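Coordinates in review
As a plain string of letters, each chain reads:
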2 protein chains.
Amino acid sequence: MNILVTGSSGFAGRHLTKYLQVKGHTALIPEIDLLNATETEVVISKQKFDAVVHLAAMAEVGTSMISPAKILRNNIFAQLNLLEALRRRNSKARVLIICSADEYGGSQEGSIDENAQFMPASPYAVSKIAQDFLGLQYFLSYGLNIIRLRPFNHIGEGQRIGFVVPDFVKQIVEIEKSGQSGEIIVGNLEAVRDFTDVLDMVSAYELALIKGQAGEVYNVGSGKGVKISYLLNQLVKMSKAKIKITVDESRFRPGEPSQLICNSEKFMKATGWKPEIPLEKTLERVLEWWRKTR
Amino acid sequence: MNILVTGSSGFAGRHLTKYLQVKGHTALIPEIDLLNATETEVVISKQKFDAVVHLAAMAEVGTSMISPAKILRNNIFAQLNLLEALRRRNSKARVLIICSADEYGGSQEGSIDENAQFMPASPYAVSKIAQDFLGLQYFLSYGLNIIRLRPFNHIGEGQRIGFVVPDFVKQIVEIEKSGQSGEIIVGNLEAVRDFTDVLDMVSAYELALIKGQAGEVYNVGSGKGVKISYLLNQLVKMSKAKIKITVDESRFRPGEPSQLICNSEKFMKATGWKPEIPLEKTLERVLEWWRKTR
């Protein structure tokens, strides 16, 4: 397939474009300012593609608390302009809208399926709810061939500071490089999250394009709850440095969900997807990557 | 209570401000451009109020299909600026966010409670989903004293053309004034909707302010499904004019819900609200109002 990828320079985007090429697809990565409706329509009209993966979005939860208007505007209108361009050319292309587990927030005790309540804890989460239902509306109103995914946390090489794993790994590698002992400052270690290797995640995106059903929404995640403290301890164990851990409560976010565990049965049943890379392998790879690139 | 009302010049807003005065409250109706964040913060900071009813929003479903960006921008950012102004002054005021039954779309056969799926059939509906969860997020993240209502259709004097009752009544009154016989052009007569008198609806808003629980969302509607054809036939019967009805399929909206019936048990239980005005009385009053004002 010829697959147009927006947000191809982001964390998941870079892994996805590589993976699509490995699987024999062609990833098209046009330069578009998606916030410019006219430019988006012109650029899209010149491309030939069978599918679109819409990854372009701001994902910084913390920043979204400080500048809510910016993230809402960016995430909603980038997608609106893309969908309008597709609608106007009567596109039959399969479109994958990447939403987020943050829509659910800390809505419940057990694992979260697609019918769980939304309890958004940030303007980022609200922007993702808006993207989600804008996608559904363009399916319902115009029959666009849209599938929505709600991925849970995913981790790997190239993820930006501001997310938990790179925040930890960066500090550990700095300690390693500057003398083998030091202190790392962390936020809430009690939160439980569901981590999937970004390589497993992008394979889910490709399967969704091929086997997902138009109009449907699917949760994607490992199904395993991991305490942030476990993740930190694993990373500290993988390092020879002597590391002191200090919890900084100012890094806690108000209303932050205590637990987010994915139920992705619907997606696994629809596509046969299964996450394959164990968390510890991913953490080792990420630590190694930071040691090499920093 | 001193109650700040946004959108006080709109259909429900005018009825609400009158009703609040009758009930002994003071309705504050400051001039604010809610799309201007700074102006909103300055004006809000000068007011003293115990509660806010946020009604200001574009509500034209049809227009939203043609200019989706406009309605999304208006409805989301007007509310964001209002909530940010309240958050910055640490407001304890009760805030009523007016959402919409359109969020559900035609999601199910029976009556719709608060847990029904969202099936938005217009960008208007998507903008209301965004308002809804932005309200929830400001409750969850900052403890703002927010209640959300999802009102189903409401009708009464002063509703604008573009909604079904004024569209019918305007044409009937025009026929009455221009010779007692003529044709009226209508859209989908098979759709089933839940109509509440706007006077019953604004009494629900006042009760929500007093008795609603912060963080909760409530559906508000009569609980009775009415076919649009029944509504039209009632109006035609109330007129002495000879009226021919012509269905214009170009007035059907793609993906329009076939049925929207409210389950407002949660709201009735929380507040004791009950709609009291029969549909036929409301239709007579609206017809009479149009005859006098046109």
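Residues numbered from 1 in each chain as written. Chains lettered and ligands numbered in written order. Predicted model: local features only at pLDDT ≥ 70, side-chain atom pairs only at ≥ 80, totals over all residues.

Focus: the interface of chain A and chain B
The criterion, for reference: Residue pairs qualify as contacts under a 7 Å threshold applied to their C-beta atoms, which are placed from the backbone. For the purposes of this entry, the term helix denotes a DSSP run of H or I that reaches at least four residues, the term strand denotes a run of E that reaches at least two, and both are numbered from the N terminus. The nonpolar class holds Ala, Val, Leu, Ile, Met, Phe, Trp, Tyr, Cys and Pro. Asp, Glu, Lys and Arg form the charged class, and all remaining residues, Gly among them, are polar.
Facing the 26 residues of chain A at the interface are 26 residues of chain B. Among the elements of the structure, α4 (68-88) and α5 (123-142) of chain A are those that each provide at least two residues to the side of chain A that touches chain B. The class makeup of the residues in the side of chain A that touches chain B is 21 nonpolar, five polar and no charged.

Things to note about the domain arrangement of chain A
Residue and element names in this part refer to chain A. Let me state the cut-off plainly: Domain delimitation in this document rests on an assignment produced automatically or drawn from a domain database.
Structurally, chain A comprises domain 1 (2-156 + 196-223 + 261-276) and domain 2 (164-191 + 225-258 + 280-293). Taken over C-alpha atoms, the centre of domain 1 sits 28 Å from the centre of domain 2. Looking at the side of domain 1 that touches domain 2, its residues break down into four nonpolar, four polar and one charged.

Describing the sheet that holds strand β1 (residues 2-6) of chain B
Residue and element names in this part refer to chain B. Convention followed: Pairing between two strands is assigned when DSSP locates at least 2 bridges connecting them. Whenever a helix is involved, its axis is fitted only over the stretch in contact; in every case the axis is a line through C-alpha atoms, and angles between N-to-C directions fall within 0 to 180 degrees.
Strand order in this open sheet of six strands is β2-β1-β3-β4-β5-β10, and the pairing throughout is parallel. Bordering the open sheet on either side are β2 (26-28) and β10 (217-220), each of which pairs with just one other strand. In this sheet, adjacent strand axes meet at a mean angle of 25 degrees when their direction is disregarded. Pairing geometry for β1 and strand β3 (residues 51-54), over four bridges, is parallel. Note on β3: the bridge partner recorded for L4 is V52. Here helix α7 (residues 198-211) sits on the sheet and contacts β1, β3, β4 (94-98), β5 (145-151) and β10; the angle it forms with β4, its principal contact strand, is near 145 degrees.

Quick notes on unusual backbone geometry
Leave glycine aside and you will find that most residues have negative phi; peptide bonds, for their part, are mostly trans. In this structure, A:N90 takes a positive phi of about 55 degrees despite not being glycine. Position of A:N90 among the secondary structure elements: in the loop between α4 and β4 (94-98).

Describing the sheet that holds strand β2 (residues 26-28) of chain A
Residue and element names in this part refer to chain A. One open sheet holds the six strands; their spatial order is β2-β1-β3-β4-β5-β10, and the pairing between them is parallel. Here the strands that pair on one side only, and so sit at the sheet edges, are β2 and β10 (217-220). On average, each strand axis in the sheet is inclined to that of its neighbour by 25 degrees, with strand direction left out of account. One ladder, built from four bridges, connects strand β3 (residues 51-54) with β4; its direction is parallel. Pairing of V53 across the sheet is with L96, part of β4. Along the sheet, helix α1 (residues 11-22) makes contact with β1 (2-6), β2 and β3, crossing β1 at roughly 170 degrees.

Here we look at the packing of helix α6 (residues 164-177) of chain A against helix α8 (residues 228-237) of chain A
Residues and elements named next belong to chain A. We count it as follows: Roughly parallel covers angles under 35 degrees, roughly antiparallel covers those over 145, roughly perpendicular covers 65 to 115, and oblique covers all other angles. By the definition used in this description, the sense in which the near helix is turned from the far one sets the handedness, with an anticlockwise turn below a right angle giving left-handed and a clockwise turn giving right-handed.
Contact pair α6 / α8: the axes reach a minimum separation of 11 Å and the direction vectors enclose 30 degrees. Classified by the interaxial angle, the pair formed by α6 and α8 is roughly parallel. Considering how the two elements wind past one another, α6 and α8 form a crossing that is right-handed. Between α6, through V164, F168, V169 and I172, and α8, the contact on the second element is made entirely by I228, L232, L235 and V236. Per-class residue counts for the contact of α6 with α8 are eight nonpolar, no polar and no charged.

Concerning the environment of B:L287
Tracing the chain through its elements places B:L287 in helix α10 (residues 279-293). Taking C-alpha positions, B:L287 is 8.6 Å from B:E157, a pair spaced 130 residues apart along the chain.

Some points on the relation of the copies chain A and chain B
Our working definition: Each copy is superposed on the other by least squares, with the fit set by C-alpha atoms of residues at a pLDDT of at least 70 in both.
Least-squares fitting of chain A to chain B yields an RMSD of 0.0 Å, with the transformation described by 0.0 Å of translation along the axis and a rotation of 180 degrees. On this basis, the relationship between the two copies can be described by a two-fold rotation axis. Within chain A, the C-alpha atom positioned nearest to the axis of rotation is that of A:A130, 2.7 Å from it. Same-surface contact between copies: 100% of interface residues of chain A are shared with the interface of chain B.

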